[in-house]
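Letter by letter, the chains look like this.
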Amino acid sequence: MNKEHFGIKTLFESLDVAFSMYSAIPMPQILWNEQNMKYMLGFFPLVGAVQAVLLLGWNFLCQTLEINVILFAAVATLIPLLVTGGIHLDGFCDTVDALSSHQSKERKLEILKDPHTGAFAVMGCVAYLLFTFALWTQPQGEIRNLTVQIMAIGYVLSRSMSALSVVSFPCAKNSGLAHSFSSAAQKKRVKAISLVFAAFCVLLLGACHLFLGIVLVLVCLAVFGYYHHLSLKQFGGITGDLAGYFLQINEVMILISCVCYSLLAK
């Protein structure tokens, strides 16, 4: 009975750690330790579920109040930042800075750790947000509803794949958050949980739109393959910043795919 109670306590604490680390949502303050970090990555996709609910709710509100597409697109672009506090976009910016340096693996890893923001990071951030905003202005009517549904699923799917990479890919260094979470995780169980989340997302994508769902699964797998190749070739493994970079790239590729479909479906 005590073991079961302890297990439930550990799971709730792992959920708390996941949201404390990967979201800006206020959570109870607890002491992070080896026990409550075991399953933390398994709860990571649930942060995406919060984004999904907010995006779906915002789309419904915009339709109900007939809010114009510009305001819809602006808030849809900002929802991920409001929920996450920008932690993944920060990883994206650091990675853009490192890749733009064209230096050695060692130097690129140093750039990832550098707290200063480089020019390429600023340009990359502005370009990403501006492009995302522009993409959100494109789908209209029922196509927009479909795009919103798919992006809602994509937020969960991207985090499932990101969590899977942290416990599956080699780490670039023996320090940092990615290494700490990878080392502390119950890898087999986190992999299983991540795969269950991913499989559920794939089923939902197929239910929303079979053809587009198949295309999106192939797109996500291609981005995942690119992420693995890039991490090993350019950095010698993954880091927390690279995991954030993957997540941002994967989400914008899902949105690009939806917009391309909306244009072709006219």
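The structure under discussion appears in the preceding block.
Small disclaimer: the values here were computed from a predicted structure and weren't measured. (Residues numbered from 1 in each chain as written. Predicted model: local features only at pLDDT ≥ 70, side-chain atom pairs only at ≥ 80, totals over all residues. Heavy atoms only, no water.)

Q: Just to check I follow, could you spell out the side chain of Ser 158 for this structure?
A: Note that Ser 158 resides in helix α7 (residues 141-168). You can call Ser 158 buried: its relative accessible area is 0%. There is a polar contact of 2.9 Å between the side chain of Ser 158 and the side chain of Asn 250. If we skip the residues at most four places from it in the chain, Ser 158 touches Phe 246, Leu 247, Asn 250, Glu 251 and Ile 254. (Helix = DSSP H or I, 4+ residues; strand = E, 2+ residues; numbered from the N terminus. Buried < 20%, exposed > 50% of the residue type's maximum accessible area, 1.4 Å probe, protein only. Polar contact = N/O pair within 3.5 Å; in protein donor to acceptor, adjacent residues only side chain to side chain. Contact = heavy atoms within 4.5 Å.)

Q: For this particular structure, what's the right way to read a nonpolar patch on the surface?
A: There is a patch of nonpolar side chains on the surface, built from Leu 210, Ile 214, Leu 218 and Leu 221 and spanning about 420 Å² of accessible area. Here Leu 221 lies in helix α10 (residues 210-235). Given a relative accessible area of 51%, Leu 221 falls into the exposed group. (Patch = residues over 30% accessible without salt bridge, like charges linked within 9 Å, V, L, I, M, F, W, Y side chains within 5 Å. Areas by Shrake-Rupley, 256 points an atom, 1.4 Å probe, with all protein chains shown as cover. Salt bridge = Lys/Arg side-chain N within 4 Å of Asp/Glu carboxyl O.)

Q: Any chance you could explain empty space enclosed by the protein here in plain terms?
A: Taking a probe equal in size to a water molecule and rolling it over the atoms shows the remaining empty space. The full count for this structure, using the stated rule, is 1 cavity of 30 Å³ or more. In this structure, the largest cavity occupies an estimated 180 Å³ of space. Of all the elements in the fold, those that place two or more residues in the lining of the largest cavity are α3 (69-84), α6 (119-136), α7 and α11 (240-264). The biggest single contributor to the lining of the largest cavity is α3, with 5 residues. Residues belonging to the lining of the largest cavity are distributed by class as follows: 11 nonpolar, 4 polar and 1 charged. (1 Å grid on protein atoms, 1.4 Å probe; cavity = no way out; pocket = protein on both sides within 12 Å on 5 of 7 lines; lining within 4 Å. Points joined across faces, edges and corners; volume = space filled by probe spheres on them. Nonpolar A, V, L, I, M, F, W, Y, C, P; charged D, E, K, R; others polar.)

Q: Looking at this structure, how should I read the nonpolar core?
A: Note that soluble globular proteins tend to have their nonpolar side chains buried in a common cluster. Ranked by size, the top nonpolar core spans 71 residues in total, and within it Leu 41, Leu 55, Phe 92, Trp 136, Ile 150 and Tyr 227 carry the most contacts. In terms of residues, this core owes the most to one element, α7, which gives 13 residues. Ignoring sequence-local partners within four residues, the contact set of Trp 136 consists of Leu 55, Val 69, Phe 72, Ala 73, Ala 76, Thr 77, Thr 147, Val 148, Met 151, Tyr 155 and Leu 255. (Core = buried A, V, L, I, M, F, W, Y, C linked by side-chain atoms within 4.5 Å.)

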